[in-house]
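For reference, the chains in residue letters:
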Amino acid sequence: MTPTQQTAFEQIEQTVATDEPFTHDTAIDWISTGDVEHSEAEALLEQLLLKGYLYETDTGLRITK
């Protein structure tokens, strides 16, 4: 995981208080709270999904535990 991906993952992890699923748009908003542009946040989210740090269910995204 790159440092930028690590930061994005930590922002999501800190914001998700429970095991409740969240949407792509919500995750992008969380990643974008720093100095990350929307398009970069989308790319970071995609990388986190591809690398298995997050996964998608019928109800939304979840953090892999």
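Located above this text is the structure these notes cover.
Note that the structure is predicted; figures quoted are calculated from it, not measured.

Thresholds, definitions, all that
Residues numbered from 1 in each chain as written. Predicted model: local features only at pLDDT ≥ 70, side-chain atom pairs only at ≥ 80, totals over all residues. Heavy atoms only, no water. Core = buried A, V, L, I, M, F, W, Y, C linked by side-chain atoms within 4.5 Å. Buried < 20%, exposed > 50% of the residue type's maximum accessible area, 1.4 Å probe, protein only. Helix = DSSP H or I, 4+ residues; strand = E, 2+ residues; numbered from the N terminus. Contact = heavy atoms within 4.5 Å. Phe/Tyr/Trp six-rings, centres within 6.5 Å; stacked < 30°, edge-to-face > 60°. Polar contact = N/O pair within 3.5 Å; in protein donor to acceptor, adjacent residues only side chain to side chain. Expected span 1.5 Å × (residues − 1). Arc of directions from axis to C-beta.

Participant: If you had to explain the nonpolar core to someone new, which residues and values would you point to?
Facilitator: Core analysis: the biggest nonpolar cluster contains 18 residues, and Ile-12, Phe-22, Ile-31, Leu-45, Leu-54 and Ile-63 have the highest contact counts within it. Elements with a contribution of two residues or more to this core: helix H1 (3-15), helix H2 (24-31), helix H3 (38-50) and strand E2 (60-63). Other than its neighbours up to four places away in sequence, Leu-45 contacts Ile-12, His-24, Ala-27, Ile-28, Ile-31, Leu-54 and Leu-61.

Participant: Please set out the packing of aromatic side chains residue by residue, giving values where relevant.
Facilitator: Scanning the entire structure with this criterion turns up two aromatic pairs. With a centroid separation of 5.6 Å and an interplanar angle of 55°, the aromatic rings of Phe-9 and Tyr-53 are classed as tilted. In this pair, Phe-9 is assigned in helix H1 and Tyr-53 in the loop between H3 and strand E1 (54-57), connecting sequence segments 44 residues apart. Residue Tyr-53 is classed as partly exposed on the basis of its relative accessible area, which comes to 29%. Aromatic side chains Phe-22 and Trp-30 sit 5.2 Å apart centroid to centroid with 50° between the ring planes, which places their arrangement in the tilted category.

Participant: Which residues make up the side chain of Gln-5, and what values go with them?
Facilitator: Among the structural elements, Gln-5 can be located in helix H1. For Gln-5, the side chain forms a polar contact with the side chain of Lys-51, separated by 2.9 Å.

Participant: Tell me about H1, and name the residues and values.
Facilitator: The end-to-end C-alpha separation of H1 is 18 Å, in line with the 18 Å expected for 13 residues at 1.5 Å each. Along H1, the residues that are buried comprise Gln-5, Ala-8, Phe-9, Gln-11 and Ile-12. Along the axis of H1, the buried positions cluster into a sector of 155°, meaning they face one direction only. Turned more than 90 degrees away from the buried face of H1 sit Pro-3 and Gln-14, all of them exposed.

Purely spatial values, then, with no claim about function.
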